[in-house]
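What the coordinates show
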Amino acid sequence: MLLSALSFSLMGVCVKQVGARIPAAEVVLARALLSVALSWWLLRRADIDPWGRRRGLLIVRGAIGTLALLCVYAALAALPLASATVLQYLYPTFTALLAWLALGERIGRRVLAAMAVGWLGVLLVAQPAALLGGMGRASAPSLPLIPVLIALAGALCTALAYVSVRQLGRSEHPLVIVFYYPLVAVPLSLPLVALDPVMPTPVELLWLVGVGLFTQLGQVWLTRGLTALPAAKATAISYAQVVFAGLWGWLIFQEGIDGWTLLGAALVLLATLLSLSGRSEAGGRSASPG
């Protein structure tokens, strides 16, 4: 889950590099095409049947994941990196609730504490005055409403996709789950790209390859984490992505880092340690992947 968080944070850097000119659907398509090729190679190398057993649910998971990815990429292009990431990281709360309702995974007290601490940490990293429309800090601009709503929709779709991964992990190999994601994303994103095609420059093409590569790595590690851990515990660990996003925002995009960010980073680290040390009651109920 930590490796997944690092990979997705680097994906966010690549998306921001092209997001001002390349539409989100085109970024999704480029990512999907590269990921299909990489996933197919990994499946052939491991001698695994790529088509899986529960194909209907695999397709649904791919469709929900594609919608989530469109929202996430659009939010990353329109918002500061840390702010877009913190809004996306409302999904662990949705994930824990949906996993409880759909999978019967009870949430342990340590995981609840990790979620609460991590949620507070991501708010601080993203600078809460900006999230609250500039209240409390005169220099903090308010965030535009539409990108914020898109980011929240991405968080909800991400939670739905993650719960479906948890369910699929009981019967499907992680590489099969990863393969279906871009396989479904290609036909879904292609009509959107056809409506507003933009020819990338050579430099933008390299960034798009980076999006595909880091998303693929993130998906592989994420899927392995979600199929090995209860959903609430796994997503609590992945709060570390916000710390990475704050770091890249400071180093690459000159997005300020201050005492709020440092305090938030410490809380995110504490949340990760809590989730790693806790014993979720759901742990004994989850089945290993088939």
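For the structure itself, consult the block above.
Residues numbered from 1 in each chain as written. Predicted model: local features only at pLDDT ≥ 70, side-chain atom pairs only at ≥ 80, totals over all residues. Heavy atoms only, no water.

1. Examining the overall build of the chain
Helices and strands together make up the secondary structure of the chain, namely 13 helices and zero strands. Helices and strands in the chain line up, N terminus first, as α-α-α-α-α-α-α-α-α-α-α-α-α. Evaluated residue by residue, the chain yields a buried proportion of 53% over its 290 residues. Of the accessible surface of the chain, which amounts to about 12,600 Å², a share of 71% is contributed by carbon and sulfur atoms. (Helix = DSSP H or I, 4+ residues; strand = E, 2+ residues; numbered from the N terminus. Buried < 20%, exposed > 50% of the residue type's maximum accessible area, 1.4 Å probe, protein only. Areas by Shrake-Rupley, 256 points an atom, 1.4 Å probe, with all protein chains shown as cover.)

2. A few points about the pattern of salt bridges
In a structure, side chains of opposite charge can pair up when their charged atoms sit close to one another. Applying the stated criterion across every chain, the model contains one salt bridge. In this structure, Glu204 engages Arg21 in a salt bridge whose closest nitrogen and oxygen atoms are separated by 2.6 Å. Highlighted residues: Glu204 in helix α10 (residues 202–228) and Arg21 in the loop between α1 (2–18) and α2 (24–46), separated in sequence by 183 residues. (Salt bridge = Lys/Arg side-chain N within 4 Å of Asp/Glu carboxyl O.)

3. Quick word on the side chain of Gln88
Structurally, Gln88 is set in helix α4 (residues 81–88). In this structure, Gln88 is in contact with Val72, Ala151, Gly154, Ala155 and Thr158, ignoring residues within four places of it in sequence. (Contact = heavy atoms within 4.5 Å.)

4. Thoughts on the nonpolar core
Residues Val27, Tyr73, Leu76 and Tyr239 are the most contacted members of the largest nonpolar core, which totals 72 residues. For this core, the element with the highest residue contribution is helix α9 (residues 174–195), accounting for 10 residues. Excluding residues that lie within four positions of it along the chain, Leu76 makes contacts with Met11, Gly12, Val15, Lys16, Leu81 and Ala84. (Core = buried A, V, L, I, M, F, W, Y, C linked by side-chain atoms within 4.5 Å.)

5. Comments concerning unusual backbone geometry
A positive phi angle, close to 55°, is found at Asp47, a residue other than glycine. Counting through the fold element by element, Asp47 comes out in the loop between α2 and α3 (55–78).

6. Thoughts on the packing of aromatic side chains
Tallied over the entire structure, the rule returns four aromatic pairs. A ring pair is formed by Trp40 and Trp51, whose centres lie 6.2 Å apart and whose planes are at 55°; its orientation type is tilted. Residue Trp40 is located in helix α2, and its partner Trp51 is located in the loop between α2 and α3; the two are separated by 11 residues in the primary sequence. Judged by its relative accessible area of 36%, Trp40 is partly exposed. Between the aromatic rings of Trp51 and Phe179, the centroid separation amounts to 5.7 Å while the plane-to-plane angle is 65°, which identifies the pairing as edge-to-face. Taken together, the positions of Trp51 in the loop between α2 and α3 and Phe179 in helix α9 put the pair 128 residues apart, joining distant regions of the chain. Across from the ring centre of Phe253, 5.8 Å away, lies the NZ or CZ of Lys16, which sits over that ring. When the ring centre of Tyr181 is taken as reference, the NZ or CZ atom of Arg31 above it lies at 4.7 Å. (Phe/Tyr/Trp six-rings, centres within 6.5 Å; stacked < 30°, edge-to-face > 60°. Lys NZ or Arg CZ within 6 Å of the ring centre and 35° of its normal.)

7. Regarding the environment of Arg53
Mapped onto the elements of the fold, Arg53 is located in the loop between α2 and α3. Residue class for Arg53 comes out exposed when judged on its relative accessible area of 63%. The spatial distance from the C-alpha of Arg53 to the C-alpha of Leu168 is 9.4 Å, given a sequence separation of 115 residues. With near-sequence residues (within four places) excluded, Arg53 lies in contact with Ser171 and Glu172.

8. With respect to a nonpolar patch on the surface
Together, Leu3, Leu213, Leu217 and Trp221 line one region of the surface with nonpolar side chains, adding up to about 320 Å² of accessible area. For the nonpolar patch, the element with the most residues is α10, which contributes three residues. Among the structural elements, Trp221 can be located in helix α10. (Patch = residues over 30% accessible without salt bridge, like charges linked within 9 Å, V, L, I, M, F, W, Y side chains within 5 Å.)

9. Considerations on the state of the cysteines
This structure, assessed with the given rule, holds zero disulfides. Not engaged in a disulfide, the cysteine Cys71 finds its nearest cysteine sulfur in Cys157; these two sulfurs lie 5.4 Å apart. (Disulfide = S-S within 2.5 Å.)

Honestly, it's all geometry; don't read function into it.
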